[in-house]
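Notes for the structure review
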Amino acid sequence: MAALKAERDFRITNPEAIGKVLLVHKDGEQVLLERKGESWIYNRKWTARPDAIQNLLDALVRLQVQYTPATAAVPNMMRSLYTEGIQVK
């Protein structure tokens, strides 16, 4: 049972340690957010809005798996993630 809990608990517990976030859309568009002191820089050019960064970090902290899907549901979920999802690194 402990292994299942570990697999489901992958949220960020220390967002202050994050220095870089890369968002990649399926069409290849990328957004790079980098921490520079107290600010965040968007695509190495612009200062990111603090409220937008806080919303992103809050989402990463709250992220959790609520249940394991049925095996039959996995192909549809993967297809949906591929067509609608944004990869976060």
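Placed above this text is the structure.
In this text, all values refer to a predicted model and were calculated from it rather than measured experimentally.

**Things to note about the overall build of the protein**
Assigned secondary structure in the protein consists of three helices and five strands. N-terminal to C-terminal, the α/β element order of the protein is α-β-β-β-β-α-α-β. Out of the 89 residues belonging to the protein, those deemed buried represent 16%. Long-range pairs, those at least 24 residues apart, make up 39% of the contacts in the protein between residues at least 6 apart in sequence. When the accessible surface of the protein is summed, it comes to about 7,300 Å², and 56% of that surface belongs to carbon and sulfur atoms.

**Examining the packing of aromatic side chains**
Where two aromatic rings form a pair, the distance of their centres and the angle of their planes describe that pair. Scanning all chains against the criterion turns up one aromatic pair. Between the aromatic rings of Tyr42 and Trp46, the centroid separation amounts to 5.7 Å while the plane-to-plane angle is 40°, which identifies the pairing as tilted. Residue class for Tyr42 comes out partly exposed when judged on its relative accessible area of 30%.

**Here we look at the environment of Gly85**
Note that Gly85 resides in the loop between α3 (74–84) and β5 (86–88). Given a relative accessible area of 21%, Gly85 falls into the partly exposed group. Taking the C-alpha atoms as reference points, Gly85 and Lys26, separated by 59 residues in sequence, lie 7.4 Å from one another. Excluding anything up to four places from it in sequence, Gly85 contacts Lys26 and Ser80.

**A few points about the sheet that holds strand β1 (residues 20–25)**
What the five strands build is an open sheet, ordered β4-β3-β2-β1-β5; its pairing is antiparallel. The open sheet terminates on both sides in strands that have one partner only, identified here as β4 (46–47) and β5.

**Quick notes on a nonpolar patch on the surface**
Residues Val74, Met78 and Leu81 make up a contiguous nonpolar surface patch of about 290 Å² in total accessible area. Position of Leu81 relative to the elements: it lies in helix α3. Relative accessible area serves as the criterion here: at 56%, Leu81 is assigned to the exposed category.

The rules behind the values
- Residues numbered from 1 in each chain as written.
- Predicted model: local features only at pLDDT ≥ 70, side-chain atom pairs only at ≥ 80, totals over all residues.
- Heavy atoms only, no water.
- Helix = DSSP H or I, 4+ residues; strand = E, 2+ residues; numbered from the N terminus.
- Buried < 20%, exposed > 50% of the residue type's maximum accessible area, 1.4 Å probe, protein only.
- Contact = heavy atoms within 4.5 Å.
- Areas by Shrake-Rupley, 256 points an atom, 1.4 Å probe, with all protein chains shown as cover.
- Phe/Tyr/Trp six-rings, centres within 6.5 Å; stacked < 30°, edge-to-face > 60°.
- Pairing = 2+ DSSP bridges.
- Patch = residues over 30% accessible without salt bridge, like charges linked within 9 Å, V, L, I, M, F, W, Y side chains within 5 Å.
- Salt bridge = Lys/Arg side-chain N within 4 Å of Asp/Glu carboxyl O.

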